[in-house]
Amino acid sequence: MGLTYVPGLDHILHEVADLLDVVEIEPQSLWRVRGDGEIVVDEEVLRRLSDLPGARLLHGVGNPVGGSCLPDPRQTALFGELAGRLHAPWVSEHLAFNRVADRGNRFHTGFMLPPCQTETGAHAAVRSIRTMADALPVPLAVEIGANYLRPRPGELSDGAFVRRVVEESGCGLLLDLHNVLANERNGRDRIEDLLADLPLDRVWEVHLAGGSEYRGYWLDDHSGLPDNDLLALAHRILPRLPALRAVLFEVTPSAVPDLDVGAVRELLVTVGEMWPPQVSPARPSPSPSRPADVPHPTPGETTAPGDWELALGGLAVGLDPGTPLAQELVTDPAIGLLRDLVAEFRGSALTGTLRYTMRLLFLALGPAGTGELLRDYTRSCPPRLFASEEAFAFADHLLEVRPRVPWLTDVVQLDLGLLSARLDGSPCIVGLRTDPTALLTDLGAGRLPVAPPRGHFRVRLVDDGAPA
């Protein structure tokens, strides 16, 4: 039993340490993209995580293996390096896509999207999985993601697609029970039909999470504790998984302040008791099975993975690829939902990286004005893979459109300087026309500055979280 680590969860982890066998880490949360584009590991955060109880697992959230674009080799190499350093027995990634590279179009979607569920789509996913698995020092499992789209005629069912991918690639399976419950609630495969198709003997890991309702959909937003339906589902399914090694509870950072330590303890105890006694003893480490000999796709399929990714990815980020498939998909109500989720995901990244800039915008323009500014940005600029890249791109946008917000240029420069100092691990000097102490004091207190002193200021910014 364990928890997936997110910032702010440390106090709960320590309060329930006696119940934890494992803590799962998202490697992207440890990576920093420096100004020169190099990805480095935040050693200070990694050191703090090493003090947490239990063993370690790694769960990727930015380099999915469900599309025709092969996984990023830089991220895969760092993934493998961290797995070795943390002695993870296996790692996992999402059976989804977040990059498009077709017909001269290359962009990130800013959000993980469901793969093309055809036979050619399955073979594309297998190729991506094998590429990553061959570069890792430990076995790889893939996670079934949430899918808000309506089922389409001619596509493989959710369970049949996953079975095809897992058997042909030889990988393991991460069964996120909240994802499959959300999929059923949103009109996709019934859970029992899905389970009948899945290779349950390849499930090494299970995830549990909470969700919420939005625009008539049940969202997989990790917004709190699992509901009673999900716990009942876990009670039915966990004993049917002979290779199960770990069950993890996931929560988003924004939901951490509302978590009750006692409720988390109760969840860990309750779910732990769902495992039958014969599952409790230590089992051999998971290992990939020999890939199955699966027939290649028959000619004449109408939806190729590249076409699917261009159409769905383009629509999700507000583009119109102008293809027949895009014209068909845009009639699905879930496209509007995906656009909202992409925009919210990008806005959350900016709030976390440009703290004072975003606070100034909300105070000066209000929620409506800030929302319109963000919508203008997301329509004109494609998503970036890392939050820091999104921050620099939004800063450029602000300095170009120059909304009528006082002190904006100075506050943006302060935020970018703070971000650069953290990413590069060295001090950053910025020049300002407004007293930075007055700006940060008032914005930090949640109010607009009132007549801050003007002049010429040079400020040396350092990362106060780094060793001296």
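Residues numbered from 1 in each chain as written. Predicted model: local features only at pLDDT ≥ 70, side-chain atom pairs only at ≥ 80, totals over all residues. Heavy atoms only, no water.

Draft legend 1. Looking closely at the packing of helix 13 (residues 355–380) against helix 14 (residues 387–401). Helix 14 packs onto helix 13 with a crossing angle of 100° between their chain directions and a minimal axis gap of 11 Å. Judged by the inter-axis angle, helix 13 sits roughly perpendicular to helix 14. Within the contact between the two elements, helix 13 uses Thr357, Met358, Leu361, Leu373, Leu374, Asp376, Tyr377 and Ser380 and helix 14 uses Glu390, Ala393, Phe394, His397, Leu398 and Val401. (Axes fitted to C-alpha atoms, helices over the stretch in contact; angles between N-to-C directions. Helix = DSSP H or I, 4+ residues; strand = E, 2+ residues; numbered from the N terminus. Parallel < 35°, antiparallel > 145°, perpendicular 65-115°, else oblique. Contact = heavy atoms within 4.5 Å.)

Draft legend 2. Representation of unusual backbone geometry within the structure. Positive phi, close to 45°, is recorded for Arg402, a residue that is not glycine. For Arg402, the location among the structural elements is in the loop between helix 14 and helix 15 (408–424). We classify Arg402 as exposed; its relative accessible area is 54%. Positive phi, normally seen in glycine, also occurs at Trp407, with a value near 65°. Tracing the sequence through the fold places Trp407 in the loop between helix 14 and helix 15. (Buried < 20%, exposed > 50% of the residue type's maximum accessible area, 1.4 Å probe, protein only.)

Draft legend 3. Summary view of the pattern of salt bridges. Throughout the structure, instances matching the rule amount to 24 salt bridges. Residues joined in a network through salt bridges with shared partners are Glu43, Glu81 and Arg85. (Salt bridge = Lys/Arg side-chain N within 4 Å of Asp/Glu carboxyl O.)

Draft legend 4. Molecular detail of the packing of helix 15 against helix 16 (residues 436–444). Helix 16 packs onto helix 15 with a crossing angle of 85° between their chain directions and a minimal axis gap of 11 Å. In terms of their interaxial angle, helix 15 and helix 16 are classed as roughly perpendicular. Between helix 15 and helix 16, the residues in contact are Asp410, Val411 and Leu414 and Pro436, Leu439, Leu440 and Leu443, respectively. Classifying every residue of the contact of helix 15 with helix 16 by side-chain character gives six nonpolar, no polar and one charged. (Nonpolar A, V, L, I, M, F, W, Y, C, P; charged D, E, K, R; others polar.)

Draft legend 5. Here's a closer look at the sheet that holds strand 10 (residues 172–176). The strand order around the closed barrel formed by eight strands is 1-2-5-6-9-10-11-14, and the pairing between neighbours is parallel. Neighbour-to-neighbour, the strand axes of the sheet open up by a mean angle of 30°, direction not taken into account. In the sheet, strand 10 pairs with strand 11 (residues 203–208) via four bridges, with the strands oriented parallel. What sits directly across from Leu174, in strand 11, is Glu205. Packed onto the sheet, helix 9 (residues 261–272) meets strand 1 (2–4), strand 11 and strand 14 (246–249) and runs at close to 125° relative to strand 1. (Pairing = 2+ DSSP bridges.)

Draft legend 6. Molecular detail of the environment of Glu273. Tracing the backbone shows Glu273 in the loop between helix 9 and helix 10 (305–316). Note: C-alpha distance between Glu273 and Ala326 (53 residues apart in sequence) is 47 Å.

Draft legend 7. Looking closely at the packing of aromatic side chains. Summed over the entire model, instances satisfying the criterion amount to four aromatic pairs. Residues Trp90 and Trp204 carry aromatic rings whose centres are separated by 6.3 Å and whose planes lie at 65° to one another, so their mutual orientation is edge-to-face. One end of the pair, Trp90, is in the loop between helix 3 (73–86) and strand 6 (91–94); the other, Trp204, is in strand 11, with 114 residues separating them in the sequence. The buried category is assigned to Trp204, whose relative accessible area is 2%. Here the aromatic rings of Phe111 and Phe345 are separated by 6.1 Å at their centres, their planes lie at 80°, and the arrangement is edge-to-face. Linking Phe111 in strand 8 (residues 105–113) with Phe345 in helix 12 (residues 334–353), this pair joins segments that are 234 residues apart in sequence. (Phe/Tyr/Trp six-rings, centres within 6.5 Å; stacked < 30°, edge-to-face > 60°.)

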